[in-house]
Amino acid sequence: FFFKQKTAYEISTRDWSSDVCSSDLTIGKGSAVSAITASTAHLSARISISDVAAAPGERLSIVADVTPARGVHVYAPGKHTYQVINVTVDPQPWLKPAATVYPAPEIYHFKPLDEHVEVYARAAQLRRDVTVLATPDAQKLLAGRTSIAIGGALEYQACDDKVCFNPSRIPF
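Each chain carries its own residue numbering, running from 1 in the direction its sequence is written. Confidence filtering applies because this is a predicted model: local features only for residues at pLDDT of at least 70, side-chain atom pairs given and counted only at 80 or more, and all residues used for totals across whole chains, interfaces and linings. Hydrogens and water are ignored here; the side-chain numbers use all heavy atoms of the structure.

Here we take up the pairing of strand β12 (residues 115-120). Each pair of strands is called paired provided DSSP finds at least two bridges between the two strands. Helix and strand assignments follow DSSP, with helices taken as H or I runs no shorter than four residues and strands as E runs no shorter than two, numbered in order from the N terminus. Across two bridges, the pairing between strand β8 (residues 73-75) and β12 is antiparallel. Bridge pairing links Val-74 to Tyr-120 in β12. Pairing of strand β11 (residues 106-110) with β12, which is carried by five bridges, proceeds in the antiparallel orientation. In the sheet register, Phe-110 faces β12, and the bridge partner there is Glu-115. Here β11 folds back onto β12, and the loop between the two strands holds four residues, one of which, Asp-114, carries a positive phi near 50°.

The next subject is the sheet that holds strand β15 (residues 152-156). Strand order in the open sheet formed by three strands is β9-β15-β17, and the pairing between neighbours is antiparallel. Looking at the sheet topology across the chains shown, the edges are occupied by β9 (86-89) and β17 (168-171). Strand after strand, the sheet turns through a mean of 25° between neighbouring axes, direction not considered. One ladder, built from four bridges, connects β9 with β15; its direction is antiparallel. Simply put, an axis is a line fit to the C-alpha atoms, just over the touching stretch for a helix, and the angle between two N-to-C directions goes from 0 to 180 degrees.

Only rings of Phe, Tyr and Trp enter the pairing, Trp through its six-membered ring, and a pair is recorded when the two centres are within 6.5 Å. The plane angle decides the type: under 30 degrees is stacked, over 60 is edge-to-face, the rest tilted. Inspection of every chain in the model, using the stated rule, returns one aromatic pair. Taken together, a centroid distance of 4.2 Å and an interplanar angle of 10° make the contact between Tyr-75 and Tyr-82 stacked. Exposure classes here rest on a 1.4 Å probe applied to the protein chains alone. A residue is buried below 20% of its type maximum, exposed above 50%, and partly exposed in between. A relative accessible area of 2% means that Tyr-75 is categorised as buried.

Among the structural elements, Thr-131 can be located in strand β13 (residues 124-132). Throughout, a contact is declared for two residues whenever any of their heavy atoms are within 4.5 Å. Excluding residues that lie within four positions of it along the chain, Thr-131 makes contacts with Gly-57, Glu-58, Arg-59, Trp-94, Leu-95 and Lys-96.

Below, the structure written as structure tokens:
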């Protein structure tokens, strides 16, 4: 995700109230789009950013719409040791990510082990809010920049009724 600063005023570290950042997700050779889509053997995902503009101090949402393949599930938060699907955000000193917000899971019964675990076997939407900081330190770090990038990944472990696959990662 790339944010390009645009303002009718000269950008300065003293007057961030006039700074506005427009968000464009850039993939491939720099083509700007509002979302990316990806498919693996286990799921399809659409990852997008909520807003086209954000000033320092405002919150944006990274949204992952995930659909497991037929007969496949991914793990929701719960009482188990499997890797939970998650939207991760690469650390930046000028960015504050909140915890990922999850929909209600369903309970999957794995009969061979008589195990009941929280999963998503149908379409689910995850959301991770991030705030571009407006602190003096963030202002110093972002001074003079014309764009900032937010990167991360959708990380998950998928299983079917017979096999649990290695954890996977879809970067954005």
